Amino acid sequence: MNYTSVPACARDLLAAKGYDTRDTILACYGGSGFTAELLASAAGDPGIRLIGLDDIYAPSASG
């Protein structure tokens, strides 16, 4: 299953209703990592952002 298809479908539906979705970023949050297929999709598409636990719980630069 391609997990980017659901948000991509939502983006396409919004575009069909006249919303400007050209700069839309599809964010996928994962608590246990991502499949190789999803990692490959995200690597080849700047419109997909994968956010894992390390991204969420990483110490901030401000302290």
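Structure first, text after, so check above.
Remember, predicted model here, so these are calculated numbers, not experimental data.

Visitor: Report on the overall build of the protein, specifying residues and quantitative values.
Guide: Along the protein, the regular secondary structure elements total 3 helices and 2 strands. Among the 63 residues that make up the protein, the fraction classed as buried is 19%. Taking all contacts inside the protein whose residues are at least 6 apart in sequence as the whole, residues at least 24 apart take part in 19%. Accessible surface, the protein as shown: approximately 4900 Å² in total, 57% of it carbon and sulfur.

Visitor: Hey, could you go over the pairing of strand S2 (residues 48–52) for me, with residue numbers and the actual values?
Guide: Of all 5 residues that make up S2, 4 are buried, and the element is covered over most of its length. Where strand S1 (residues 26–30) lies against S2, 5 bridges are found, and the strand directions are parallel. Bridge pairing in S2 places Leu26 opposite Ile48. Following the backbone out of S1, through helix H2 (residues 36–43) and into the adjacent parallel S2, one traces a crossover that is right-handed.

About the criteria used
Residues numbered from 1 in each chain as written. Predicted model: local features only at pLDDT ≥ 70, side-chain atom pairs only at ≥ 80, totals over all residues. Heavy atoms only, no water. Helix = DSSP H or I, 4+ residues; strand = E, 2+ residues; numbered from the N terminus. Buried < 20%, exposed > 50% of the residue type's maximum accessible area, 1.4 Å probe, protein only. Contact = heavy atoms within 4.5 Å. Areas by Shrake-Rupley, 256 points an atom, 1.4 Å probe, with all protein chains shown as cover. Pairing = 2+ DSSP bridges. Right-handed = clockwise from strand over helix to strand, strands pointing away.

Functional significance is not addressed by these values, which are geometric in nature.
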